[in-house]
Amino acid sequence: MRMKQNINWYPGHMAKAKKSLSENLFLIDIVIEIVDARIPISSKNPDIENFATNKFKILVLNKSDLVDEKFTRASVNFFNEYNCVPVDSISGKGFNEIKQMINKFAGAKREKLKKRGRIFSPVRIIVLGIPNVGKSTFINKFVGKKIAKAADKPGVTLSKQWIKICKDVELLDTPGILWPKFDNEQIALNLAFTGAIKDMNLNLYEIALKLIDKLNSIDENILKCRYGIEKKNAAEKLADISKKRGFVKKSGELDLDRAAIILLNEFRSGKLGKIFLDDLFDKRKKICHHIVI
Ligand code: G4P
């Protein structure tokens, strides 16, 4: 995938961010890692296990409202070694399950400390995840008030506020930013399609063509249903979207960049359907298909 410019924090600042995270996580009992339910494998941090050792971890499949339940269930099954919970942070669906897990952990911590004759200190939680997976939306909904949006720089700022969730539980009001993996081109593209890589770093025309190819490989009807366009190559399809939507520059040329932005936005907001992009293997190593509209 060609970028317009390097993403300046990756991979240069990765080692520093990893060190800062492992040093700062000593105060934390529970790590909630947020991933995008449409790309749970592509959006999962590659080595969270190495710096969040000895923590109780909850893996949140956020934006599950944008994925058919069948794939969400398959994802939960895929990540069965985690405490994995599908969530929609806009409506708060799935939050009760997370709260139950936290309360159970807090009860066990209290018992353990009591047995040792030690004073109970509140359970402290941090939310981590790569950019744009919905960390801020999750925290806002979880604590019921608006917190500041964190800059997309890997690391964690522990000088921020602890928000009391209940008597025994506190949550850091600022999420920690993780770096994504770029193991292969498809993962990098999945991150670009869903907005995890900032658009300003991308050639959106090329990304839109790749998205068209990807969507066609999943189901040719996706673009046909939304834009009424027929079988053609990706560039012709994007030109057709431009024509159908009347995106024409003053010079009379088709405005393909505008069509690219619209296509990406419509995909990201779920207007093209509930589309799952990762290659998810089930327990018998059979690949799942990606979509149900
Ligand atoms: P971040 O802190 O991890 O960077 O992500 P943030 O919360 O800013 O969310 C990124 C985008 O994802 C936002 O959309 C947000 O509304 C959307 N989002 C977060 N959680 C969910 C979810 O569970 N379901 C759906 N459908 N969307 C979710 P945006 O268009 O960038 O901004 P906005 O104007 O909609 O807030």
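This one's a predicted model, so the numbers in the text were calculated from it and none came from an experiment. (Residues numbered from 1 in each chain as written. Predicted model: local features only at pLDDT ≥ 70, side-chain atom pairs only at ≥ 80, totals over all residues. Heavy atoms only, no water.)

Glancing now at the pairing of strand β5 (residues 162–166). Taken residue by residue, a regular strand's side chains alternate between the two faces of the sheet. Sheet topology places β5 next to strand β6 (residues 169–172); four bridges connect them, and they run antiparallel. For lysine 164, the partnering residue across the bridge sits in β6 and is glutamate 170. Between β5 and β6, which pair antiparallel in sequence order, lie two residues. (Pairing = 2+ DSSP bridges. Helix = DSSP H or I, 4+ residues; strand = E, 2+ residues; numbered from the N terminus.)

Tallied over the entire structure, the rule returns 15 salt bridges. The residue glutamate 33 makes a salt bridge to lysine 44 at a minimum N-O spacing of 2.5 Å. Of the two residues, glutamate 33 is situated in strand β1 (residues 30–36) and lysine 44 in the loop between β1 and α2 (48–51); the sequence distance between them amounts to eleven residues. Since its relative accessible area comes to 4%, glutamate 33 is described here as buried. One salt bridge in this structure joins aspartate 199 and arginine 268, with 2.9 Å as the shortest N-O distance. Here arginine 268 lies in helix α10 (residues 256–268) and aspartate 199 lies in the loop between α6 (185–194) and α7 (204–218), a separation of 69 residues in the sequence. Overall, arginine 268 belongs to the buried group, its relative accessible area being 16%. (Salt bridge = Lys/Arg side-chain N within 4 Å of Asp/Glu carboxyl O. Buried < 20%, exposed > 50% of the residue type's maximum accessible area, 1.4 Å probe, protein only.)

Contact geometry of α7 with α10 gives a least axis separation of 9 Å together with a crossing angle of 50°. One element, α7, and the other, α10, form an angle in the oblique class. In this structure, α7 meets α10 at a crossing whose hand is left-handed. Residues Leu204, Tyr205, Ile207, Ala208, Leu211, Ile212 and Leu215 of α7 form the contact with α10, whose own contacting residues are Leu256, Asp257, Ala260, Ile261, Leu263, Leu264 and Phe267. A breakdown of the residues in the contact of α7 with α10 according to their chemical character gives 13 nonpolar, no polar and one charged. (Axes fitted to C-alpha atoms, helices over the stretch in contact; angles between N-to-C directions. Parallel < 35°, antiparallel > 145°, perpendicular 65-115°, else oblique. Left-handed = near helix turned anticlockwise from the far one by under 90°. Contact = heavy atoms within 4.5 Å. Nonpolar A, V, L, I, M, F, W, Y, C, P; charged D, E, K, R; others polar.)

All right, on to the nonpolar core then. Within the largest apolar cluster, 73 residues are counted, with the highest numbers of intra-cluster contacts made by Ile32, Phe51, Ile58, Ile98, Phe138, Leu238 and Leu263. Two domains each put at least three residues into this core: domain 1 (12–173) and domain 2 (203–292). Beyond its immediate stretch of four places on either side in the chain, isoleucine 98 contacts Ile32, Ile58, Val60, Val85, Val87, Phe138 and Phe142. Judged by nonpolar contacts, the second largest core, of eleven residues, contains Ala37, Leu61, Val67 and Phe71. (Core = buried A, V, L, I, M, F, W, Y, C linked by side-chain atoms within 4.5 Å. Domains from an automatic or database assignment.)

Right, let's talk about unusual backbone geometry for a bit. Of note in the backbone geometry, asparagine 54 takes a positive phi value of approximately 55° without being a glycine. Unlike most non-glycine residues, lysine 63 shows phi in positive territory, near 65°. By the element assignment, lysine 63 lies in the loop between β2 (56–62) and α3 (69–78).

For α3, the complete set of buried residues consists of Phe71, Thr72 and Ser75. Burial along α3 is one-sided: seen end-on, the buried residues are contained in an arc of 105°. More than 90 degrees from the buried face of α3, the exposed residues found are Glu69 and Arg73. Where α3 is buried, its residues contact β2 and β3 (83–86). Two or three places before lysine 70, at the start of α3, stands the capping residue aspartate 68, its side-chain oxygen 2.9 Å from that residue's backbone nitrogen. (Arc of directions from axis to C-beta. Polar contact = N/O pair within 3.5 Å; in protein donor to acceptor, adjacent residues only side chain to side chain.)

With 86% of its residues at a pLDDT of at least 70, the protein reaches an overall mean of 87. With pLDDT under 50 throughout, residues 5–9 is counted as low confidence; its partners more than four residues away or in other chains account for 13 contacts. In this model residues 283–287 is a low-confidence stretch, pLDDT under 50, and it forms eight contacts with partners more than four residues away in sequence or in other chains. (pLDDT = per-residue confidence, 0-100.)

Below, the discussion takes up the pairing of β2. For β2, a buried count of six out of seven residues is recorded, marking the element as mostly surrounded by other parts of the structure. As defined by bridge partners, β1 adjoins β2 across seven bridges and the pair is classed as parallel. If you follow aspartate 36 over to β2, its bridge partner there is asparagine 62. Relative to β3, β2 runs parallel, the two being bridged by four bridges. In the strand pairing of β3, leucine 59 is matched with cysteine 84. Assessed by its sense of winding, the connection that carries the chain from β2 through α3 to β3 is right-handed. (Right-handed = clockwise from strand over helix to strand, strands pointing away.)

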